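Chain and residue survey
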Amino acid sequence: MHHAMFAVSQAIYASAASVACRQAANGMGAEDAQMVVEGMAQAGVEPTYCMGDDIPLAVLSDKPHMLYNYFKQRFAQVTNPPIDPLREGLVMSLEMRLGGRGNLLNPGADTYRQVLLNSPILLESQLEAIAKDSTLGSKTFDTSFKAGSSGSLAAALAKLCGDVEDAVKAGCQCVLLSDRASETSLQPEKVPIPSLLATGAVHHHLIRTGLRSDTSIVVETAQAFSTHHAAMLIGYGAHALCPYLAYETARQWRLSTRTQSLVKSGKVPDISVGDAQKNL
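Residues numbered from 1 in each chain as written. Predicted model: local features only at pLDDT ≥ 70, side-chain atom pairs only at ≥ 80, totals over all residues. Heavy atoms only, no water.

In this section: the packing of aromatic side chains. Considering all chains together, one arrives at one aromatic pair under this definition. Centroid distance F71 to Y236: 5.6 Å. Interplanar angle 65 degrees. Geometry classified as edge-to-face. Here F71 is found in the loop between α2 (30-43) and β1 (96-98), whereas its partner Y236 is found in the loop between α7 (227-235) and β8 (240-242), with 165 residues between them in sequence. Over the ring of Y244 we find R180, and its NZ or CZ is 4.0 Å from the ring centre. (Phe/Tyr/Trp six-rings, centres within 6.5 Å; stacked < 30°, edge-to-face > 60°. Helix = DSSP H or I, 4+ residues; strand = E, 2+ residues; numbered from the N terminus. Lys NZ or Arg CZ within 6 Å of the ring centre and 35° of its normal.)

This paragraph deals with α2. For α2, which comprises 14 residues, the first-to-last C-alpha distance of 19 Å matches the rise-based estimate of 20 Å (1.5 Å per residue) to within 8%. Maximum bend of α2: about 25 degrees, positioned at V37. A33, V36, V37, E38, M40 and A41 are the residues of α2 that are buried. Those residues of α2 hidden inside the fold are in contact with α1 (16-25), α7, α8 (244-255) and α10 (273-279). Just downstream of α2, G44 is the residue with a positive phi angle, here 75 degrees. (Expected span 1.5 Å × (residues − 1). Bend = angle between axes of the 7 residues up to and from the residue. Buried < 20%, exposed > 50% of the residue type's maximum accessible area, 1.4 Å probe, protein only. Contact = heavy atoms within 4.5 Å.)

Tallied over the entire structure, the rule returns eleven salt bridges. Across the pair E124 and R180 runs a salt bridge, and its minimum N-O distance is 3.9 Å. One end of the pair, E124, is in helix α3 (residues 124-131); the other, R180, is in helix α5 (residues 180-185), and 56 residues separate them in sequence. According to the relative accessible area criterion, R180 is partly exposed, its value standing at 24%. Note that E220 and R180 form a salt bridge whose closest N and O atoms lie 2.7 Å from each other. Here R180 lies in helix α5 and E220 lies in strand β7 (residues 216-220), a separation of 40 residues in the sequence. (Salt bridge = Lys/Arg side-chain N within 4 Å of Asp/Glu carboxyl O.)

Keep in mind these values describe shape, not function.
Put into structure tokens, the structure is as follows:
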């Protein structure tokens, strides 16, 4: 099945105060919102910085960091010509397939009962369609846990992996890991498992139990808002992700009075909310 026809996400508008609160709770600072999310929403390109970087490594820093920050590219590796799906479409693609893969050595009709995505970055409407897909039998798993006691995170991860294993054995071909439930109320005693940790734990648990090729992993998270975050999630086992807080941030940027003034003065291109989301 080819699901490249999803429409632009129906905008889910939240108050500016609610978005700011969730940004703070998920490690998105003012610079991240303005330079990363708003920059990509406006122009559709990844922000570039100077080569000098004197920020301490996360492992050596005395400041709290998101789990993604503990991973860094070791050196600048450049290909000539650049390898990307835009200029080298014959050898590289962003396409992802959701669903069980079957036996690749003995392919049959069921081997190709999959959902084809043109990109691993999903709009909210696309995620909703995937969650309702009867062929995939998708099931959503809440990645929040009760904090404050010793070993609660490890116990929550073990329970999550066990629940996913049971669901895959029962025929679930698409595992949706979501932290949206914990974002609704933002209670200090109920916090989300870091999405990268949850994704990697489930991915490797399914490998150990011999079930990894029977399902796919999709992550719905407020904790991803940069290309580095997306690359880490995909590298640790996710087939697709929906960065819903980044979308909400882009919508707030486009609808703000400041942006509307910049559009009227010609300093910012006049793009729709839908285009801002697609740029992101």
